[in-house]
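Survey of secondary and tertiary structure
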Amino acid sequence: MITPEHIKAARAVLGWGRRDLAEAASLSYDGICRIEKKENLSSVRVGTLMALTEAFREAGVTFLEGRQGRMGITWGSPAGERLPEVSVESRLDDLRELP
């Protein structure tokens, strides 16, 4: 299961703010804020998680599940579009600045 940290990381990779994610997932801005403040997403409705996952998938983000419950993300070009080149360091800096 994805965590609030994965959602923040995926937003950072895409350069999305909370409003961008809310629009892409057809969810409210306040809802995104509440979700990202949770310790885990076990109390979030399945439909909401599916909307989030689908919005990220359409943008080219894939959530990866590893051993011992570890997860990561990867991203690529949605629908064959070329993604802008960005450095990993700049995206990590973006992630550090997220609330």
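Because the structure is predicted, anything quoted here is derived from the model rather than measured.

Points about the overall build of the protein
Helices and strands together make up the secondary structure of the protein, namely 5 helices and 2 strands. Starting at the N terminus and ending at the C terminus, the protein contains elements arranged as α-α-α-α-β-β-α. Counting only residues that meet the buried cut, the protein has 35% of its 99 residues in that class. When the accessible surface of the protein is summed, it comes to about 6,600 Å², and 49% of that surface belongs to carbon and sulfur atoms.

Remarks on the nonpolar core
Counting 20 residues, the largest nonpolar core has Ile7, Leu21, Leu41, Leu52 and Phe56 as the members making the most contacts within it. Counting residues per element, the ones that place at least two in this core are α1 (4-14), α2 (18-25), α3 (29-37), α4 (46-58) and β1 (61-65). Here this core gets 5 residues from one element, more than from any other, and that element is α4. Setting aside its immediate chain neighbours within four residues, Phe56 contacts Ile7, Ala10, Arg11, Leu14, Trp16, Leu21, Val61 and Phe63.

What about α1?
Across the 11 residues that make up α1, a large majority, 10, are buried. Of all the positions in α1, only Pro4, His6, Ile7, Lys8, Ala9, Ala10, Arg11, Ala12, Val13 and Leu14 are classed as buried. Among the residues trailing α1, Gly15 stands out with phi positive, at a value near 75°.

Definitions and cut-offs
- Residue indices begin from 1 for each chain and proceed along its sequence in written order.
- Local features in a predicted model are, by the rule used here, given only for residues with pLDDT of at least 70; side-chain atom pairs are given and counted only at 80 or more, and totals for whole chains, interfaces and linings are based on all residues.
- In computing side-chain values, all of the structure's heavy atoms are included and hydrogens and water are not.
- Strands here mean DSSP runs of E at least two residues long; helices mean DSSP runs of H or I at least four residues long; both are numbered from the N terminus.
- With a 1.4 Å probe rolled over the protein chains alone, any residue whose accessible area is under 20% of its type maximum counts as buried; one over 50% counts as exposed, and the rest are partly exposed.
- Note on areas: Shrake-Rupley with a 1.4 Å probe; residue coverage comes only from the protein chains shown.
- Among the buried residues, those of types Ala, Val, Leu, Ile, Met, Phe, Trp, Tyr and Cys that are joined through side-chain atoms within 4.5 Å form a nonpolar core.
- It only takes one pair of heavy atoms within 4.5 Å for two residues to be counted as in contact.

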